[in-house]
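# Remarks on the overall topology
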Amino acid sequence: MPELLSELTTLRLGGPARAYLRCDSAAAVAEAVGRCDAVGEPVLLVGGGSNLVIADAGFAGTVVHVAHEDVVIDGTVLTADAGAIWDDVVAASVDAGLGGLECLSGIPGSAGATPVQNVGAYGVEVAAWLDAVELYHRATGETEWVAPETLGLGYRTSRLKQHEAPGGGSAAAGPADVVLRVRFALSDGASAHIRYGELARALGAEPGGTVDPAAARRAVLDLRRGKGMVLDAADHDTWSVGSFFTNPVVPAASAAAIVARIEEATGESTPQYPAPDGVKLSAGWLIERAGFRKGYDGGRTGVSLSTKHTLALTNRGTGTTAELLDLAREVRDGVFARFGVELRPEPVLVGAELPALRP
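Residues numbered from 1 in each chain as written. Predicted model: local features only at pLDDT ≥ 70, side-chain atom pairs only at ≥ 80, totals over all residues. Heavy atoms only, no water.

### Remarks on the sheet that holds strand E2 (residues 43-46)
With respect to topology, 3 strands assemble into an open sheet ordered E1-E4-E2, the strand pairing being parallel. With partners counted over all chains shown, the strands left at the sheet margins are strand E1 (17-23) and E2, one partner each. This sheet shows a mean twist of 25 degrees between the axes of neighbouring strands, independent of strand direction. Two elements, E1 and strand E4 (residues 59-66), share 6 bridges in a ladder whose sense is parallel. The partner of Arg22 across the bridge, within E4, is His65. (Pairing = 2+ DSSP bridges. Helix = DSSP H or I, 4+ residues; strand = E, 2+ residues; numbered from the N terminus. Axes fitted to C-alpha atoms, helices over the stretch in contact; angles between N-to-C directions.)

Put into structure tokens, the structure is as follows:
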């Protein structure tokens, strides 16, 4: 059993758990969660630990470590266990000559987390290639393969992200459904369409076109390394949860007024992108224009913004969760004070809360 949950998270933060169970098969995960639910024991599911911010006090319950990690490829269909390291899954798909996932290279964490967050990067989301997800339904104790259409996949969210106890109770923590395996239907030999301008330029490709998946993977990894977004134990810029805040989506009805306020304050054209519910703005761009530069620590010694990317909040080796969340609060409040746009955290907060917004 890990002494501290910091040993299981990419932030390397988090106190102890009451109990720990390592599960090396889908059946073992379902059994462990079911056993805890039967006695009302709170459960924290941990895979790669790349999207968790765990309180310094730890977790007053049982950690179920999802550690089964087989990857099977049959033609253009790839099936991965929930505990498989995500970048290994992407690498396996590219090595097999399959396209679709290469733009998601270098993202830390496990395969089982990808539909929960509808993980995305460089113009591609998991939703575009997801074929089915095997779930353990905690309310019934049954397992089932479900279609992506049933998952409510949206920008960095899904119904799998919702936390509710089986049977509507409040004793058990965690999602109502547990991901056991994921299945993708991929392309034979061509990458996903290259829609992200930075990546297209790195590849020398036409936006909207396709390239060799291996070339796209190499370019994405190079770009992510330059931003401190590929895990490296020796580099504190990678001791993070990746992007701490999601890019804000402002309602279409108020987007013009919000953008006008931002441009009046900055004197610059505001990066903006169409979104289903309005207009998406760049959180990193807003953070920098609100005065928070790369490496900003606000006088804190243990945490700071990454020196390579303002959207990553990092543990410099001596940080605490309380200190990290205080930095997140300062950045969020600063962006809101200057632009009237509220940033929302992307990771799951366990036993910890981001302090209330101070307008």
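### Things to note about helix H1 (residues 26-38)
Between its terminal C-alpha atoms H1 stretches 18 Å, which fits the 18 Å expected from 13 residues at 1.5 Å a residue. Those residues of H1 that fall on the buried side of the exposure criterion are Ala26, Val29, Ala30, Ala32, Val33, Gly34, Cys36 and Asp37. Buried-residue contacts for H1 involve E1, E2, E4, strand E10 (130-137) and strand E12 (177-185). Looking one or two residues past H1, Gly40 carries a phi angle of roughly 70 degrees, positive in sign. (Expected span 1.5 Å × (residues − 1). Buried < 20%, exposed > 50% of the residue type's maximum accessible area, 1.4 Å probe, protein only. Contact = heavy atoms within 4.5 Å.)

### Re helix H8 (residues 321-339)
In a regular helix each residue adds 1.5 Å, so 19 residues correspond to 27 Å; H8 covers 27 Å between its end C-alpha atoms and thus fits that length. Gly340 occupies a position one or two residues after H8 and carries a positive phi of about 75 degrees.

### Describing the pairing of E2
What you see with E2 is no split at all: Val43 and Leu45 on one side and Leu44 and Val46 on the other are buried throughout. Relative to E4, E2 runs parallel, the two sharing 4 bridges. Across the sheet, Val43 pairs through a bridge with Thr62, a residue of E4.

### With respect to the UniProt feature "active site" (unreviewed entry) in the chain
UniProt feature "active site" (unreviewed entry): in the numbering of this structure it lies at Arg156, Ser243 and Glu346. The largest pairwise C-alpha distance within this set of annotated residues, which runs over 191 residues, is 11.1 Å, so the set is compact in three dimensions. With respect to the element layout, Arg156 can be found in the loop between strand E11 (142-146) and E12. Those residues within four positions of Arg156 in sequence are excluded, and the remaining contacts are Gln117, Asn118, Val119, Gly120, Ala121, Glu125, Lys161, Thr246 and Glu346. A polar contact of 3.0 Å, which involves the side chain of Arg156, links it to the backbone oxygen of Gly120. Here Ser243 lies in the loop between helix H5 (213-226) and strand E14 (249-251). On the basis of relative accessibility, which here comes to 25%, the residue Ser243 falls in the partly exposed class. Here Ser243 is in contact with Met229, Leu311 and Glu346, once residues within four sequence places are set aside. (UniProt positions renumbered as here; feature names shortened; annotations may be inferred. Polar contact = N/O pair within 3.5 Å; in protein donor to acceptor, adjacent residues only side chain to side chain.)

### Remarks on the nonpolar core
Counting residues in hydrophobic clusters, the biggest one holds 54 residues, and the most contacted among them are Trp86, Leu101 and Phe184. Of the residues forming this core, the biggest block, 6 residues, is contributed by H1. Both domains that furnish three or more residues to this core are identified here as domain 1 (5-66) and domain 2 (71-226). Beyond its immediate sequence surroundings of up to four residues, Trp86 is in contact with Leu101, Leu104, Ile107, Gly109, Ser110, Ala111, Thr114 and Phe184. One finds Ile262, Leu324, Val331 and Val341 within the second-largest nonpolar core, a separate group that totals 35 residues. (Core = buried A, V, L, I, M, F, W, Y, C linked by side-chain atoms within 4.5 Å. Domains from an automatic or database assignment.)

### Considerations on the state of the cysteines
This model, assessed by the stated rule, comprises 0 disulfides. You can see Cys36 has no disulfide; the closest cysteine sulfur is in Cys23, sitting 8.8 Å from it. Taking relative accessible area as the criterion, Cys36 reaches 7% and is therefore assigned buried. (Disulfide = S-S within 2.5 Å.)

### Regarding empty space enclosed by the protein
Considering all chains together, one arrives at 2 cavities of 30 Å³ or more under this definition. What the largest cavity holds in volume is close to 50 Å³. Its residues assigned to classes, the lining of the largest cavity comprises 4 nonpolar, 4 polar and 1 charged. Put simply, the second largest cavity is a space of about 30 Å³. Lining the second largest cavity, in full, are Met1, Pro2, Leu5, Ala17, Ala19, Tyr20 and Val63. Ranked by the residues each element gives to the lining of the second largest cavity, the list is headed by E1, at 3 residues. For the lining of the second largest cavity, the residue count by class is 7 nonpolar, no polar and no charged. (1 Å grid on protein atoms, 1.4 Å probe; cavity = no way out; pocket = protein on both sides within 12 Å on 5 of 7 lines; lining within 4 Å. Points joined across faces, edges and corners; volume = space filled by probe spheres on them. Nonpolar A, V, L, I, M, F, W, Y, C, P; charged D, E, K, R; others polar.)

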